[in-house]
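Chains, contacts and geometry: an overview
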Amino acid sequence: MIKLENWMKNIGRYLSYLISDKFEEYAYDIIDGVAKARNANELLEALYKGLRLSPKLKKKGNIEVPSPEDVKKLEETLREIGDNEKEVRKIGLSMALWAFADWEKDHRKRGDQ
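The paragraphs below set out a description of the structure included in this document. Since we're looking at a predicted model, the values are computed, not measured.

1. A short note on the packing of aromatic side chains
Here the structure, examined in full by the defined rule, presents 3 aromatic pairs. Arranged with centres 5.4 Å apart and planes meeting at 75°, the rings of Y17 and F23 form a pair that is edge-to-face. Just as Y17 is buried, F23 falls in that class too. Pairing Y28 with F100 gives two aromatic rings, centres 6.1 Å apart and planes at 25°, and the pair type is stacked. In this pair, Y28 sits in helix α2 (residues 28-36) while F100 sits in the loop between α6 (85-99) and α7 (103-110), placing the two residues 72 residues apart along the sequence. Taking relative accessible area as the criterion, F100 reaches 47% and is therefore assigned partly exposed. By way of ring pairs, the aromatic residues Y14, Y17 and F23 are connected into one cluster.

2. Looking at the nonpolar core
Residues L15, L43, L74, I91 and M95 are the most contacted members of the largest nonpolar core, which totals 29 residues. The set of elements that each furnish at least two residues to this core consists of α1 (6-17), α2, α3 (40-51), α5 (68-81) and α6. A total of 6 residues in this core trace back to one element, the largest contributor, which is α1. In contact with L15, other than residues within four places in its own chain, are I30, I31, V34, L47, M95 and A99.

Calculation criteria
Residues numbered from 1 in each chain as written. Predicted model: local features only at pLDDT ≥ 70, side-chain atom pairs only at ≥ 80, totals over all residues. Heavy atoms only, no water. Phe/Tyr/Trp six-rings, centres within 6.5 Å; stacked < 30°, edge-to-face > 60°. Buried < 20%, exposed > 50% of the residue type's maximum accessible area, 1.4 Å probe, protein only. Helix = DSSP H or I, 4+ residues; strand = E, 2+ residues; numbered from the N terminus. Core = buried A, V, L, I, M, F, W, Y, C linked by side-chain atoms within 4.5 Å. Contact = heavy atoms within 4.5 Å.

Structural data, given as structure tokens:
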């Protein structure tokens, strides 16, 4: 069973920029692809599409792109679970859910503005 890891939150946070009014990207299709991935390749391809937008997003504002360590942890986890579609779906859905978290509110609450 996969437990929620910081790398999942970090990737989810990045995905949140893809639907943020601040960045005017509205790439819901990418997040949907992450949430609906049935295997490791589909999940990695959806994330690849999202990460390809990072240079464009960086021009619009300060963003946190998943680190190489986050990507490494994702790949290791996907290797561990193999072809277990249920577990891949859990990972993708978890990251997609984090994309819809209210990160701006979280910053205000902690005083990180």
